[in-house]
Amino acid sequence: MSDRYQKSDALLKRALGIIPLGTQTFSKSKTQYPWGVSPFFIAKAEGSHVWDVDGHEYIDFVNGLAAITLGYNDPDVNRAVQKQLEQGVIFSLPHPIEIEAAEEITKMIPCAEMVRFGKNGSDATAGAVRLARAYAKRDHIAVCGYHGWQDWYIGTTSRSLGVPEATRKLTHKFTFNDLDSLRAIFKEWPGQVAAVMMEPMNMTEPKTGFLESVKELAHEQGSLLIFDETITGFRFSNGGAQDYFHVTADLATFGKGIANGYPLSAVTGPANIMHLMEEIFFSFTFGGETLSLAASTATLRKLQAEPILQTIGQRGSHLLQGVQERIARYGLNGILAISGHPSWSFLNIQDAAAYKSWQIKSLFLQEMFARGILMIGTHNMSYAHSEKDVGSLLAVYDHVFPLLKEVVEKKTLERRLHCKPLEPLFKIR
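Residues numbered from 1 in each chain as written. Predicted model: local features only at pLDDT ≥ 70, side-chain atom pairs only at ≥ 80, totals over all residues. Heavy atoms only, no water.

Novice: Please clarify how the state of the cysteines should be interpreted in this entry.
Specialist: What the rule picks out here adds up to 0 disulfides. With no disulfide partner, cysteine 111 has as its closest neighbouring cysteine sulfur the one in cysteine 144, 18 Å distant. Cysteine 111 gets classed as buried once you look at its relative accessible area, which sits at 5%. In this structure cysteine 144 comes out as buried when scored by relative accessible area, which is 6%. (Disulfide = S-S within 2.5 Å. Buried < 20%, exposed > 50% of the residue type's maximum accessible area, 1.4 Å probe, protein only.)

Here it is, written out as C-alpha cells:
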C-alpha cells in the first residue's frame, strides 16, 4: 500500500528536513495521519473533492479543518477576491473593505456592535481574553473547549512546554455541561475571574439551560461570557451558536468559515466593551489584508442570500442518521459512537477488547483513504457536499465498519494494518 503514496511520502521526508513537524498545522501533520497509508500533501481542490500529489481523488470531510463552508474554489468568493486583487492586497492606510466586512458581521451576530479582525482563531481568542481582562480589571480565565495556541490557553494542556508557570496559573478548566465545575473555579478564585471562555458546543450538545446558567453565573461573579465560535460561527446558524441556542455572549470570536478558507478571524461584542480595543494593544500589519476581507464579505453575503446552512444541516442530518444506523447494524456500539451537530459531527472510536482507540483509528483511516474518503474522524460538512457524496461515504462505511468489527473480535488488527499505528499525543477535545 505504500506505493500508493510515493510522492506524498517523499515530500514529507523532504519537509521534515526543513520544517519542524513537516507542516504548519498540528492537525495536518504526521501525528494525525498514519505514515505509509496516508496522503500528506494535497495538490488541488474543487467543490467537495480534493486530489493528492499522487493523483488520487477524495471526497473531503476535513474541509481545511472546518474552514471551508461553501466548498473549495467557490465561484462567488473567487470573483470577489480576483476583483480585489486588481486593486491591491495591503496598503499604507485602511481600505473600505474593512468596513464592509465588519458591517456584514454586525448584521448577523447577535452580540456584535463592533468588530476587530485578526488572521487566526488564536488571534481572536487571545485578543478577547486581553480585552476581558482590561474590562473586568481581573487576571484569571475559566475555559472549556479548545482555544488555540497562545500561552494563556495552551498552558492548560499537555502541550504546555515553553509556557511560563505564572501564565499557566491564570487559566482554569471546567467541564462542559457541569456547572458545578465552573462554580468551583469561582469559589477558588473569588473576585478574580475576568471571563468564562467556552465553545458553546463541540462534541456534545449543551444540556437544557446549561449555557443560560453559565451566563447567569458569570454575571453574578462580575465576569464576562465569551463564546469561542471559531468553528460554530457561520456553521450552526448565520448568527452563530449564540443565535442557534438563543444565548447571547458578551464577546464572541470567529474564524474558520468566516471567509471560506481565507485567513481571517474576528473579535466581536457590544460597543461599550469593544471601545477598549483602542486602549489595549491588538494590532496586525496584515489585519486589514483585503483579499481575506473580500472573501469574507462574499461568503457572508452568500450565507444570507442562499439556503446554505439549511442545506448543510439536511445533508449532515442524513449522514448522522446513516452512521447511527450502521453502528447498530454492524454491532459496533462498543467500538464506535456518533455525536455532534449535523454540520460538524464526530465519529468517536473507543478502546475495544485488545486494542486502544488509536490502533483502531489507524486502521480506520488507512481503509478510508484507500477508498477515496479524506477524513480524520469528523464530518466537517460544506455546501458543496452533495447527497451523492454523503451516499458514497455511507457506502464506504458499509465496507469499513464490518472490517473494524472483525479485526477487534478476531484480534487480527496487526495483520490488517500496513503501518505503525498512531500514538496519542495531544487531544484537544
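From this point, the discussion proceeds with the structure in view.
Novice: Just checking my understanding: could you explain the packing of helix α8 (residues 179-188) against helix α9 (residues 210-220) for this structure?
Specialist: Geometry of a packed helix pair, given as the angle between the helix axes and the separation of the axes. Orientation of α8 relative to α9, taken along the N-to-C sense of each, is 10°, at an axis distance of 10 Å. Classed by the angle they form, the pair α8 and α9 counts as roughly parallel. When α8 is examined against α9, the residues Leu179, Leu182, Arg183 and Phe186 are found in contact with a partner set consisting of Phe210, Ser213, Val214, Leu217 and Ala218. In terms of residue class, the contact of α8 with α9 is built from 7 nonpolar, 1 polar and 1 charged. (Axes fitted to C-alpha atoms, helices over the stretch in contact; angles between N-to-C directions. Helix = DSSP H or I, 4+ residues; strand = E, 2+ residues; numbered from the N terminus. Parallel < 35°, antiparallel > 145°, perpendicular 65-115°, else oblique. Contact = heavy atoms within 4.5 Å. Nonpolar A, V, L, I, M, F, W, Y, C, P; charged D, E, K, R; others polar.)

Novice: I tried to follow the side chain of threonine 156 on my own but got confused; where do I start?
Specialist: If you trace the backbone, threonine 156 turns up in the loop between α6 (151-154) and α7 (165-168). From its side chain, threonine 156 meets the backbone oxygen of tyrosine 153 in a polar contact 2.8 Å long. Residues within four places of threonine 156 in sequence aside, it is in contact with Thr171 and Lys173. (Polar contact = N/O pair within 3.5 Å; in protein donor to acceptor, adjacent residues only side chain to side chain.)

Novice: Please clarify how the sheet that holds strand β10 (residues 265-269) should be interpreted in this entry.
Specialist: Neighbouring strands of a sheet are bound in pairs by backbone hydrogen bonds; such pairs are parallel or else antiparallel. Reading across the sheet, the 7 strands line up as β4-β10-β9-β8-β7-β5-β6 and stay open at both edges, with mixed pairing between neighbours. At either margin of the open sheet sits one strand with a lone partner, and together these are β4 (114-118) and β6 (171-173). Between one strand axis and the next, the sheet turns through 20° on average, direction left out of account. The pairing of strand β5 (residues 140-144) with strand β7 (residues 193-198) spans 5 bridges and is parallel. (Pairing = 2+ DSSP bridges.)

Novice: What is the right way to look at the packing of aromatic side chains in this model?
Specialist: The description of an aromatic ring pair uses the distance of the two centres, along with the angle that the planes make with each other. Inspection of the entire model under this criterion finds 14 aromatic pairs. Pairing tyrosine 146 with tyrosine 153 gives two aromatic rings, centres 5.8 Å apart and planes at 85°, and the pair type is edge-to-face. You can call tyrosine 146 partly exposed: its relative accessible area is 26%. On the basis of relative accessible area, tyrosine 153 is assigned to the buried category, the value being 2%. On the numbers, 6.5 Å between centres and 65° between planes, the contact of phenylalanine 236 with phenylalanine 245 is edge-to-face. Considered together, phenylalanine 236 and phenylalanine 245 belong to a single accessibility category, that of buried residues. Between lysine 44 and the ring centre of tryptophan 51, over which it is positioned, the NZ or CZ distance is 5.0 Å. (Phe/Tyr/Trp six-rings, centres within 6.5 Å; stacked < 30°, edge-to-face > 60°. Lys NZ or Arg CZ within 6 Å of the ring centre and 35° of its normal.)

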